[in-house]
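# Notes for the structure review
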Amino acid sequence: MFSKQCYYSIITMREKGNIMKKKNITKLMNEFVDYVYSFYGEDGIYDMGATRDNITTATIDYISSLSVYNHHQKFCGDSLDRERVRDILTSKFNLKELYNDI
């Protein structure tokens, strides 16, 4: 049996662990949004005029669809995930690549 103080220490350690996981997930999400923005945001490689909010929403939609519809595929934050988020940007926000006449 744990003492009351020991019990609270265990809870505190678990809470700290959960906070660290949330911070890590937030950091990874922000890095992925920045990565996608560098492709499809203003002055990106394939500028679609996407905002960070558009990309965040599309990323959340994509990750949610993986957990609901496809249990075999995981989110890795790679080019395949980026292109699938692009497809959501196209369909959900009606964005398309802005061509620059050079």
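The notes below deal with the structure included here.

Parameters and conventions
- Residues numbered from 1 in each chain as written.
- Predicted model: local features only at pLDDT ≥ 70, side-chain atom pairs only at ≥ 80, totals over all residues.
- Heavy atoms only, no water.
- Salt bridge = Lys/Arg side-chain N within 4 Å of Asp/Glu carboxyl O.
- Buried < 20%, exposed > 50% of the residue type's maximum accessible area, 1.4 Å probe, protein only.
- Core = buried A, V, L, I, M, F, W, Y, C linked by side-chain atoms within 4.5 Å.
- Helix = DSSP H or I, 4+ residues; strand = E, 2+ residues; numbered from the N terminus.
- Contact = heavy atoms within 4.5 Å.
- Phe/Tyr/Trp six-rings, centres within 6.5 Å; stacked < 30°, edge-to-face > 60°.
- Lys NZ or Arg CZ within 6 Å of the ring centre and 35° of its normal.

Here the focus is the pattern of salt bridges. Evaluated as defined, the whole model comprises five salt bridges. The partner of Glu83 in a salt bridge is Arg82, with the nearest N and O atoms 3.6 Å apart. Given a relative accessible area of 31%, Glu83 falls into the partly exposed group.

Let us now look at the nonpolar core. Grouped together as the largest cluster of nonpolar side chains are 17 residues, with contacts concentrated most on Val36, Tyr40, Ala50, Ile55, Val85 and Leu89. Mapped onto this core, the elements with two or more residues apiece are α1 (4-40), α2 (52-69) and α3 (79-93). Beyond its immediate chain neighbours, meaning those up to four positions away, Ile55 contacts Val33, Val36, Tyr37, Ala50, Val85 and Leu89.

The subject of this paragraph is the environment of Arg82. When you line up the elements, Arg82 lands in helix α3. Here the alpha-carbon distance between Arg82 and Phe39, two residues 43 residues apart in the chain, equals 8.8 Å. When near neighbours in sequence (up to four residues on either side) are disregarded, Arg82 contacts Phe32, Tyr35, Val36, Phe39 and Tyr40.

In this section: the packing of aromatic side chains. Following the criterion strictly, the structure yields seven aromatic pairs and no others. Pairing Phe39 with Tyr40 gives two aromatic rings, centres 6.0 Å apart and planes at 50°, and the pair type is tilted. By the burial criterion, Phe39 is buried, and Tyr40 matches it. Ring pairing ties together the aromatic residues Phe32, Tyr35, Phe39, Tyr40, Tyr46, Tyr62 and Phe75, which thus form one cluster. The aromatic ring of Tyr37 is capped on one face by Arg52, whose charged end is 4.0 Å from the ring centroid. If you follow Arg82 out to its NZ or CZ, it ends over the ring of Phe39, 3.8 Å from the centre.

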